[in-house]
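# Per-entry structural report
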Amino acid sequence: MTDFPPPHLARYAAVLTDYDAFVDALRAPLPQTLAVNGLRTTAEALAGLIAGRLQATAIPWFPGAFRLAAEDRPGRDWTFTAGLYTVQEEASLVPVRMLAVAPGHRVLDLCAAPGNKTAQLALALGNRGTLVANDLKLARMTPLFDVCRRLGLVNVSTTGHDGAVYPVADGQFDRILVDAPCTAEGKARRGYLRDSTPAFRAWITGQQRALLRRALALCRPGGRIVYSTCTFAPEENEAVLSDLLEESGGRLRLLAPDFEVPGATPGLEAFGGRRFHPELRHARRLWPQRTDTGGFFAALLERVDDAPPAPVSAAPLPPAAPAALVEGLLERFAVAPERLAGLHFFEERRHLRVLDGAHAPPAGIAYETRGLDVSRLRGARPKPTTAAAMAFGPGATRNLLDLDAPAFAAWRARREVRLPVPAGASPGPVLIRHRGLVTGTGFLRVDDDGKGRLESQFPKAWVRDEPFPDDD
């Protein structure tokens with residue numbers, strides 16, 4: 001591109017004393033980050049597992065997160081499909097940390113796709129309780145479904161509605177994330193350099209205001225909302241929040257975050273001849289040249305009015321699946337009973353699924369998915385899904401196969417593996433373990449000579465073509 005930066009980004013010279021550095025930063029590659037799945041491992045253990053393959057540096061302001069080198073490809077590492085972490089851009093961790101979700105909160109992610117923030121919220125709840133993930137376009141939710149499977153999340157229900165008119169009763173949530181659709185100027189380091197038409201900008205700011213108004217209504221008094229975008233545009237950030245603060249009649253205030261991203265700056269005081277509400281100083285802007293991230297904006301809001309709490313509704317849990325069905329599926333692996341404590345198994349669309357027993361999303365709305373897929377109920381001998389194997393496998397004591405690096409590489413490539421049959425394993429479905437982590441399933445056959453043949457059931461969509469490093 002000969003005209004760099006494009007005119008829609010050049011206007012920020014008016015508010016940036018380091019504008020030349022801003023332009024240089026937009027040309028630099030954008031590193032990714034990992035955020036550990038604490039259900040599976042620890043930050044320290046993860047650092048050891050990826051050492052030598054991924055260049056990870058701990059992020060001080062987000063415990064359990066690591067910045068990678070720009071050339072790293074974490075989605076191609078076996079630890080990714082093992083569900084040990086989420087992969088995102090560092091700036092996208094900001095709204096999750098701001099919202100400060102804790103066990104016991106009922107949480108709504110109003111614009112959830114593609115889903116990594118949803119996953120972080122679910123983990124902040126300890127994989128218990130209630131998180132509702134919504135997006136207008138269900139087709140965009142496929143990555144969210146995948147990350148829920150990989151991480152083993154049992155506290156997420158999904159919906160596909162226009163968040164601006166989200167059809168549940170007011171006052172139902174303690175925490176709401178509005179990661180709003182925007183003009184995405186902050187993705188310039190990823191090559192997104194397209195300008196937006198005036199008509200689109202007018203439409204998108206209208207959508208942003210509508211989403212925030214609905215979030216305010218859905219939030220309980222005393223609850224909190226985070227509004228975030230990946231754009232630099234003040235019209236979509238400070239202006240939207242200024243309007244909402246002014247029209248809220250004192251029901252809403254901005255709060256300063258209890259952490260700081262090195263290099264982040266407060267919201268703008270003014271732009272384009274308009275002055276913004278003074279509380280916008282509590283918002284945070286991430287400019288690439290100062291934070292070495294993508295462009296991002298986030299603000300923490302609290303509903304402070306003294307309106308009486310609205311009655312809280314709860315959709316009933318689906319009827320429980322027969323205990324014999326659950327026991328029969330997991331008995332082969334002798335899964336420790338405590339691994340299933342507090343969980344609710346149910347049948348839905350010829351699948352066995354599982355939710356946290358305390359999951360209680362609002363009543364009166366159709367849910368697209370609920371919980372984690374455990375098994376497809378077909379044939380006389382159902383087998384666990386890969387997601388169920390990874391979620392419940394750590395509690396198994398029977399029919400586990402430990403694979404060294406070459407055998408594990410063959411299994412991940414969906415090739416047959418010849419191996420001695422270990423004690424405690426018999427022909428049939430088995431769980432696959434590598435470096436102490438259950439990563440999926442296979443089917444074990446035993447030949448007349450007593451040697452085993454392992455048929456891989458590694459998901460086709462997860463297969464990668466590159467050589468697998470011998471990391472034993």
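Throughout what follows, the structure given in this document is the object of discussion. (Residues numbered from 1 in each chain as written. Predicted model: local features only at pLDDT ≥ 70, side-chain atom pairs only at ≥ 80, totals over all residues. Heavy atoms only, no water.)

### Things to note about the environment of Thr441
- By secondary structure assignment, the location of Thr441 is in strand β23 (residues 437-446).
- Each C-alpha atom of the pair Thr441 and Arg398 lies 13 Å from the other, and the pair is 43 residues apart in sequence.
- Beyond its immediate stretch of four places on either side in the chain, Thr441 contacts Pro384, Thr385, Ala389, Trp411, Val430, Leu431, Ile432, Ser456, Gln457 and Phe458.
- A distance of 2.9 Å separates polar atoms of two side chains, one belonging to Thr441 and the other to Gln457. (Helix = DSSP H or I, 4+ residues; strand = E, 2+ residues; numbered from the N terminus. Contact = heavy atoms within 4.5 Å. Polar contact = N/O pair within 3.5 Å; in protein donor to acceptor, adjacent residues only side chain to side chain.)

### Observations concerning unusual backbone geometry
- The residue after Ala113, namely Pro114, is reached through a cis peptide bond having omega 5°.
- Here Pro114 shows up in the loop between β5 (106-109) and α6 (116-124).
- One non-glycine residue, Arg435, adopts positive backbone phi at about 50°.
- The residue Arg435 is located in the loop between β22 (428-434) and β23 in this model.
- The partly exposed category is assigned to Arg435, whose relative accessible area is 39%. (Buried < 20%, exposed > 50% of the residue type's maximum accessible area, 1.4 Å probe, protein only.)

### Let's talk about the sheet that holds β22
- Read across the sheet, 5 strands follow the order β20-β22-β23-β24-β21 without closing on themselves; strand pairing throughout is mixed. Two strands in the sheet have a free side with no partner beyond their single neighbour: β20 (400-402) and β21 (417-420). Ignoring strand direction, the axes of neighbouring strands in this sheet form an average angle of 45°.
- By the bridge criterion, 3 bridges tie β20 to β22 in an arrangement that is parallel. What sits directly across from Asp402, in β22, is Arg433. (Pairing = 2+ DSSP bridges. Axes fitted to C-alpha atoms, helices over the stretch in contact; angles between N-to-C directions.)

### Brief notes about the packing of helix α8 (residues 198-218) against helix α9 (residues 238-247)
- Put simply, α8 and α9 touch, their axes get as near as 10 Å, and they point 40° apart. Taken together, the axis directions place α8 and α9 in an arrangement best described as oblique. Handedness of the α8/α9 crossing: right-handed. Contacts between α8 and α9 pair Thr205, Gln208, Arg209, Leu212 and Arg213 from the former with Ala239, Val240, Leu241, Asp243, Leu244 and Glu247 from the latter.
- By residue class, the composition of the contact of α8 with α9 is 5 nonpolar, 2 polar and 4 charged. (Parallel < 35°, antiparallel > 145°, perpendicular 65-115°, else oblique. Left-handed = near helix turned anticlockwise from the far one by under 90°. Nonpolar A, V, L, I, M, F, W, Y, C, P; charged D, E, K, R; others polar.)

### Section: the pairing of strand β8 (residues 173-179)
- Burial analysis of β8 places 7 of its 7 residues in the buried class, the great majority of the element.
- In this structure, β5 lies alongside β8, joined through 3 bridges in parallel fashion. The residue of β8 that forms the bridge with Val107 is Arg175.
- Between β8 and its parallel partner strand β9 (residues 219-229), the chain crosses via α8, and the hand of that crossover is right-handed. (Right-handed = clockwise from strand over helix to strand, strands pointing away.)

### Focus on the side chain of Thr291
- Turning to its location among the elements, Thr291 is positioned in helix α10 (residues 288-291).
- A distance of 2.7 Å separates the side chain of Thr291 from the side chain of Thr293, its partner in a polar contact.
- With near-sequence residues (within four places) excluded, Thr291 lies in contact with Arg67, Val261, Pro262, Gly263, Ala264 and Leu286.

### Quick notes on the side chain of Glu348
- Structurally, Glu348 can be placed in strand β16 (residues 343-348).
- In this structure Glu348 comes out as buried when scored by relative accessible area, which is 18%.
- In this view, Glu348 contacts Arg353 and Arg370; residues no more than four positions away in its chain are not counted.

### Some details on the sheet that holds β16
- Spatial strand order, β16-β17-β19: 3 strands in an open sheet with antiparallel pairing. Two strands bound the open sheet, and with one partner strand each, they are β16 and β19 (372-376). Going across the sheet, the axis of each strand differs from the next one's by a mean of 30°, ignoring polarity.
- Bridge analysis of β16 against strand β17 (residues 351-356) gives 6 bridges, and the strand direction is antiparallel. Considered in β17, the bridge of Glu347 is made with Leu352.
- Against the sheet, helix α11 (residues 323-331) touches β16, β17 and β19, its axis set at about 95° to β17.

### Considering the environment of Ala363
- By secondary structure assignment, the location of Ala363 is in the loop between β17 and β18 (369-370).
- Expressed as a C-alpha distance, the spacing of Ala363 and Gln172, which sit 191 residues apart in the sequence, is 9.9 Å.
- Those residues within four positions of Ala363 in sequence are excluded, and the remaining contacts are Val168, Ser313, Ala314 and Ala315.

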